[in-house]
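An overview of the molecular structure
One letter stands for each residue in the lines below.
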Amino acid sequence: MCLGIPGRVVEIAGDASMLMGTVDFGGVRRETCLAYVADEVSVGNYVIVHAGFAISILNEEEARQSFELLREMGQLSGEEWMQNLANDSLGQNREVTE
Amino acid sequence: MKYLSEYRDGEVAKQLVEKIRATATKPWVLMEVCGGQTHTIVKQGLDGLLGDSVELIHGPGCPVCVTPIEQIDRALDVASRPDVIFTSFGDMLRVPGSDGDLFQVRARGGDVRIVYSPLDAVKIAQSNPEKQVVFFAVGFETTAPGNAMAVLRAKQLGVSNFSMLVSHVTVPPAMVGLLESKNNRIQAFLAAGHVCTVMGWEEYEPIAAKYRVPIVVTGFEPLDLLEGVLLAVRQLESGRAEVENQYVRAVEREGNKAAQYAIQQVFEPTDRSWRGIGTIPASGLALRGEYSQYDAVLRFGLADVHSHESEACRAGDVLTGRIKPRECPAFGRECTPETPLGAPMVSSEGACAAYYNYGRIALSENEKSNG
Amino acid sequence: MADSPDFPQGMSCPTPANDTERVQLGHGSGGKQTAMLVRDRFFAWLSNEILAKQTDAAVLNLGSTKIAVSTDTFVVKPLEFPGGDIGSLSVHGTLNDLAMMGAEPLYMTAGFVLEEGLELEVLDRVVASLARAAAEAGVEGRKGRADDTGDTGGAVEGGVPIVCGDTKVVERGKCDGMYINTTGIGQIDPAFTPSPEKARPGDAVIVSGPIGRHGIAVMAQREGLEFDVEVESDAATLWPLVERLRDAIGDAVHVLRDPTRGGVASALNEIAQSAEVGIELNENSLPIPQPVLAACELLGFDPLYVANEGILIAIVEEHVASDAVKVLQSHPLGAAAAIIGRVVSTNSGIVALKTAVGGTRVVDMLSGDQLPRIC
C-alpha cells in the first residue's frame, strides 16, 4: 500500500482550492497534488509521493543524522558518502549518461 | 536517486546483518504488515541475507490481496456495464474474483483503465460526461487521503458521473486481530512506514503496551528494513516493548494532520472482511453518509453479490503466518502465478508469489535431493 | 481454516483466473502467457522442424544457400514516441531478428493495416521514417572501412530495400491508427550461427547498451500515467554490432538475442531454458540510465522486464569477453556495453540476480505485463 518515493518539488501551481505542483524524481517529472503538505511546502523541498499525492515533506536533517549513524556502523568513508550525496548517482551502479 | 539510492548500500547492509546476527540470541518471530516492505525483502533477497537469525513473516500487508472477494465481484459486475469506465490501480487487475478478473472483463469489451492516481479518474470523468466513471478505491491508510481528495474534488467541481467502489482497510485492528488469535507466534512488528507517515504512530502505543510487542515504524529500502529488524531485535533482547521510529526522515508521531482530517471528513470506520482471514471489526473505511452519492455500491445497486472462493486456497493461513506458502498443498502445483487460486499468488508482493519467485533456487535443490 | 484436504492429481480449480475462452492483453506481453498461447493454440496446429526451434528468424536451405527469414507485426501505441515511431520500429525490429541469427539483412517487405480516419500527415511521417530507417540500416560494408561519423548507421547506398508491400484499411476504431507487419530476408554466414542452446557454463553475458529506454519512453505517453521523462526509445538496427563481433571473435559468440518485449529478463530465461543452463546476473553491473530507474521506481517496475529495441545480449566464451566488450564499445551503438553476468551449470533454466545489497533472488519469466502498482 505504500509505494511512495521521494522527489524534489520544482514548481508549485497557485490554485488555492487544491495545491498542485511538479515533482522531479531523479529525472522523471510528474504533476503531484501538494494539498497535504500545503502549509509548509516550498520549491526545493523533497516530498514523499504516493499515488500522485505528496504525503510528507522529507526531513532532510533527520535523514542526514540517521544516515550518519548508519554510516558509522557501515564504515563508509566520509568521501564516499559526500560523493553519493553530491552526485545523485545510484550507489555502485554504473552511471550512464545519455 | 537521492534519499533512495543511499539506502541500498551493500556494505552497510552487510554490517547491519552482522549486527542482527550478533544481537539475536534466538530466532525471534517478526512480522511486517506492508506489501511494499515484502516487495523489497523479496526483490533484494533480504530473507536470504538474514537466514535463520530471525524469522520474518510476511503479514497481510497487501491491500490487493486482502480485498474481499465480494468487492472484486462487485468490481467485475460494474466494470462489465457498457456505460461504465472502470478505473483502478494496476495491481488490482489480475486479482481473481469468483469468476475471472478485470483483465477478462476487458477482453470481453469492458472499458477498464489503469490510472496512477485517483485524481486521474476524476479527470477521465470530466472528459467523458456521457459515461459513468468508477474508481476502485483500495488501499491502506496511505492511499485514503488521496481517495478522499478525489471525492472532495469531484464534489467541488460538480463532477456527478464519478463514484468509488471503496475497499479500504486499516492496520491497527488487523494487528490486534493477529495478536488476539490463538497460536499467535508474532513477537514484534515492523509497522508500515507510509501508513504511519499519514496516521502517525500514537495509535500503536496502546497495542505495544497491552500485548508487550515491540513495534518499529520502518521504511522501505533495504537499509531501512534491516535497521528496523535490528531495532526490533534489540528491544526483544532487552525485554522492552515500545513503539520506535526507524523511518525518521518521513514519519512523525502525530502524522500528517491535514491528511487525517480529510480521511475523517470523507470516511468512517466500518467492519471489513479481509480475504482469507475473515471479518475484523472496525478495520475498514466506508464513505460517510454525506458523500454516499459517490458510493458505487449505492449508485449501481451492487449490494447483493454471491461469491465463492477456491476451497484449496489457504491464503488466510499464509497471511497470518500460520503456514509458509510452501506448506500449502496447492503451492506451485495447482496454484502458480499463472493460475492463482488466491490473491497472495497474484500480487507481486503477496507472500505466495514472493516465495514462488524467491524460493525456487532453494526449492529446486531440495527437489533434487528428495528425488 | 479447515485441515487441508487430500489433493488428487489434476484437480481443477473452481476459480480459474486464466481465461480459457478469450485472448487477453497479457498474451501479448512476451512472458509466460504468450508462451502458453503459442504452445497451446499455434503449435497445436503448426509444427515442423524449423518452427520448433523458436529462434528469432527461421533458417532456410535453398539449395546450397542458407537464408534467414523473420516476420514481425508492430502494434505500438502511441504511434509516435520520443526517439522513433511505428515506422522506424518496424524496420529495426525485423532486421534485428535477422541480425540475432548472424544474418546480414538484404531485403524487407512491409504490410500496412490503416484505420479509417488516420491523418494522412501521420501516415506520411511514419512511412518517411520507415524509409529512412531502412535506407540507413547499418549494412556497414567491407572490412577496413573507415569508422563512421557517429550516426547509428554506417550506411551503404540503398541500405535495405523494401521490395514489396501491401495496404489494407479497416473501419474507424478497429485498429489503433495503424499496424505494420514487416518481413526480413537475410543472408546466413554458415560459419557464424549463434543460437540460444549454444550457451555454455562459464560464458559471459554481455549487454550492448543501456537497459529499459524503449519501454519507458512509450509508457510515459500512456493515458492515465503521463509523466515527463528525458528518455528516448533506443530503437536502432543492430547489424553493425553483430558484424563487428563476428569479424572479431567469430564462433566464440554463442548466443545473440535482442531483448524486446519482456525485457532482458524474459530473453535470458528463454536462453537458460533452451540451453538448460543457469544464468547469474549482477545488479551492480546493469547499465540502467538514471531516468529509466526513476520511472521504474515511480511505477513500481523492474527495469529487467522493460522492452528494449536497440540493444543486444551477447553470450560469449569467457576468454574473449573483454574483447567483445571493447569491440562493441568501438561503435556508438555499443558505447555502454558491459558484462552483466555469466552462465553457470547450477540451477538449470533459472536466472538469478545478485542484488545491490548482496542478497539473491530469482528473476523469473513474468506471466503477463508488468502493472503499475500502488503497493
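These numbers were taken from a predicted model, which means no experiment stands behind them.

Time to look at the overall build of chain B. A count of helices and strands for chain B gives 18 helices and 11 strands. In terms of overall size, chain B behaves like a compact globule, its C-alpha atoms giving a radius of gyration of 21 Å where 371 residues would be expected to give roughly 21 Å. Dimensions of chain B, computed from the C-alpha atoms along their principal axes, are close to 65 × 55 × 45 Å. The buried share of chain B, taken over its 371 residues, is 63%.

Once that is clear, we can look at the nonpolar core. Ile206(C) and Ala295(C) are the most contacted members of the largest nonpolar core, which totals 259 residues. It is helix H12 (residues 222–237) of chain B that contributes the most residues to this core, nine residues altogether. Among all residues touching Ala295(C), those that are not within four sequence positions of it are Val28(A), Ile216(C), Ala220(C), Phe227(C) and Val229(C).

Residue and element names in this part refer to chain B. Counting buried positions along strand E5 (residues 132–139) gives seven out of eight residues, so the element sits mostly inside the fold. Inspection of the sheet shows strand E3 (residues 84–88) paired to E5 by four bridges, in the parallel sense. Across the sheet, Val 84 pairs through a bridge with Gln 132, a residue of E5. Pairing of E5 with strand E6 (residues 162–169), which is carried by seven bridges, proceeds in the parallel orientation. Residue pairing in the sheet places Val 133 in a bridge with Phe 162 of E6. As a crossover connection, the stretch from E5 through helix H8 (residues 144–157) into E6 is right-handed.

Here we take up the environment of Gln37(B). All names here are of chain B. Here Gln 37 is to be found in helix H2 (residues 35–44). In this structure the C-alpha to C-alpha distance between Gln 37 and Gly 61, which are 24 residues apart in sequence, comes to 8.6 Å. When near neighbours in sequence (up to four residues on either side) are disregarded, Gln 37 contacts Glu 32, Gly 61, Leu 190, Ala 192, Thr 218, Phe 220 and Leu 225.

Before going further, it helps to examine H8(B). What sets the pattern is the α-helix's 3.6 residues per turn: residues three or four places apart point alike. Here H8(B) is 14 residues long and its end C-alpha atoms lie 20 Å apart, about the 20 Å a rise of 1.5 Å per residue gives. Within two residues after H8(B), Gly158(B) carries a phi angle of roughly 70°, on the positive side.

This next bit is on the sheet that holds E3(B). All names here are of chain B. Overall, mixed pairing links the six strands, which are arranged E4-E3-E5-E6-E11-E10 in an open sheet. Two strands close off the open sheet at either side, each with one partner strand: strand E4 (111–114) and strand E10 (267–274). Going from strand to strand, the sheet's axes swing by 25° on average, the running direction of each strand aside. Its contacts with the sheet place H8 against E5, E6, E10 and strand E11 (278–287), and it is angled at close to 160° to E6.

Residue and element names in this part refer to chain B. Model confidence for chain B is summarised by a mean pLDDT of 88, while 93% of its residues fall at 70 or above. At the level of individual helices and strands, chain B shows its lowest average pLDDT in helix H18 (residues 360–370), which scores 45, and its highest in strand E8 (residues 215–218), which scores 98. Counting interchain partners and residues more than four positions distant, the pLDDT-below-50 stretch residues 363–371 has two contacts.

Mapped onto the elements of the fold, Met219(C) is located in helix H5 (residues 213–219). When the C-alpha positions of Met219(C) and Val306(C) are compared, they lie 9.8 Å apart, and in sequence the two are 87 residues distant.

Quick look at the packing of helix H1 (residues 10–23) of chain B against H12(B) now. All names here are of chain B. Across the interface, H1 lies against H12 with an axial gap of 9 Å and an inter-helix angle of 15°. Considering their axes alone, H1 and H12 lie roughly parallel with respect to each other. Relative to H12, the crossing made by H1 is left-handed. Contact residues: H1 offers Val 12, Ala 13, Leu 16, Val 17, Lys 19, Ile 20 and Thr 23, while H12 offers Pro 222, Leu 223, Leu 226, Glu 227, Val 229, Leu 230, Val 233, Arg 234 and Glu 237.

Moving on, we get to H12(B). Residue and element names in this part refer to chain B. For H12, with 16 residues, the first-to-last C-alpha span of 22 Å sits near the 22 Å given by 1.5 Å per residue. Counting buried positions along H12 yields 14 of 16 residues, so the element is predominantly enclosed. Where H12 terminates, the next one or two residues include Gly 239, which has phi positive at roughly 70°.

Residues and elements named next belong to chain C. The sheet contact formed by strand E5 (residues 104–115) and strand E7 (residues 178–187) spans 10 bridges and is antiparallel. Bridge assignment links Val 113 to a residue of E7, and that residue is Tyr 179. Both E5 and strand E6 (residues 162–170) contribute to a ladder of eight bridges, which runs parallel. Along E6, the bridge assignment pairs Phe 112 with Thr 167.

This part covers the packing of helix H3 (residues 86–99) of chain C against helix H4 (residues 120–136) of chain C. Residues and elements named next belong to chain C. Across the interface, H3 lies against H4 with an axial gap of 6 Å and an inter-helix angle of 30°. With respect to their mutual orientation, H3 and H4 come out roughly parallel. Crossing angle aside, the handedness with which H3 passes H4 is right-handed. Residue-level contacts link Ile 86, Gly 87, Ser 88, Ser 90, Val 91 and His 92 of H3 to Val 126, Val 127, Ser 129, Leu 130, Ala 133 and Ala 134 of H4. Considered class by class, the residues forming the contact of H3 with H4 number seven nonpolar, five polar and no charged.

All names here are of chain C. Ordered in space as E10-E12-E8-E13-E11-E14-E15, the seven strands form an open sheet in which the pairing is mixed. The sheet is open, and its two edges are formed by strand E10 (253–257) and strand E15 (360–362), each paired on a single side. When strand polarity is set aside, the average angle formed by the axes of neighbouring strands in this sheet is 25°. Taken together, the four bridges between strand E8 (residues 204–207) and strand E12 (residues 313–316) define a ladder with antiparallel strand orientation. Directly across from Ala 204, in E12, lies its bridge partner Val 316.

Of the consecutive residues Lys77(C) and Pro78(C), the connecting peptide bond is found in the cis state with omega at 5°. For Pro78(C), the location among the structural elements is in the loop between strand E2 (65–74) and strand E3 (80–81). In this structure, Ala282(B) is a non-glycine residue whose phi angle is positive, near 55°. For Ala282(B), the position within the fold is in strand E11.

The rules we used
- Residues numbered from 1 in each chain as written.
- Chains lettered and ligands numbered in written order.
- Predicted model: local features only at pLDDT ≥ 70, side-chain atom pairs only at ≥ 80, totals over all residues.
- Helix = DSSP H or I, 4+ residues; strand = E, 2+ residues; numbered from the N terminus.
- Rg over C-alpha atoms; globule rule 2.2 N^0.38 Å.
- Buried ≥ 20, exposed ≤ 12 C-beta atoms within 10 Å, placed from the backbone.
- Core = buried A, V, L, I, M, F, W, Y, C linked by C-beta atoms within 7 Å.
- Contact = placed C-beta atoms within 7 Å.
- Pairing = 2+ DSSP bridges.
- Right-handed = clockwise from strand over helix to strand, strands pointing away.
- Expected span 1.5 Å × (residues − 1).
- Axes fitted to C-alpha atoms, helices over the stretch in contact; angles between N-to-C directions.
- pLDDT = per-residue confidence, 0-100.
- Parallel < 35°, antiparallel > 145°, perpendicular 65-115°, else oblique.
- Left-handed = near helix turned anticlockwise from the far one by under 90°.
- Nonpolar A, V, L, I, M, F, W, Y, C, P; charged D, E, K, R; others polar.

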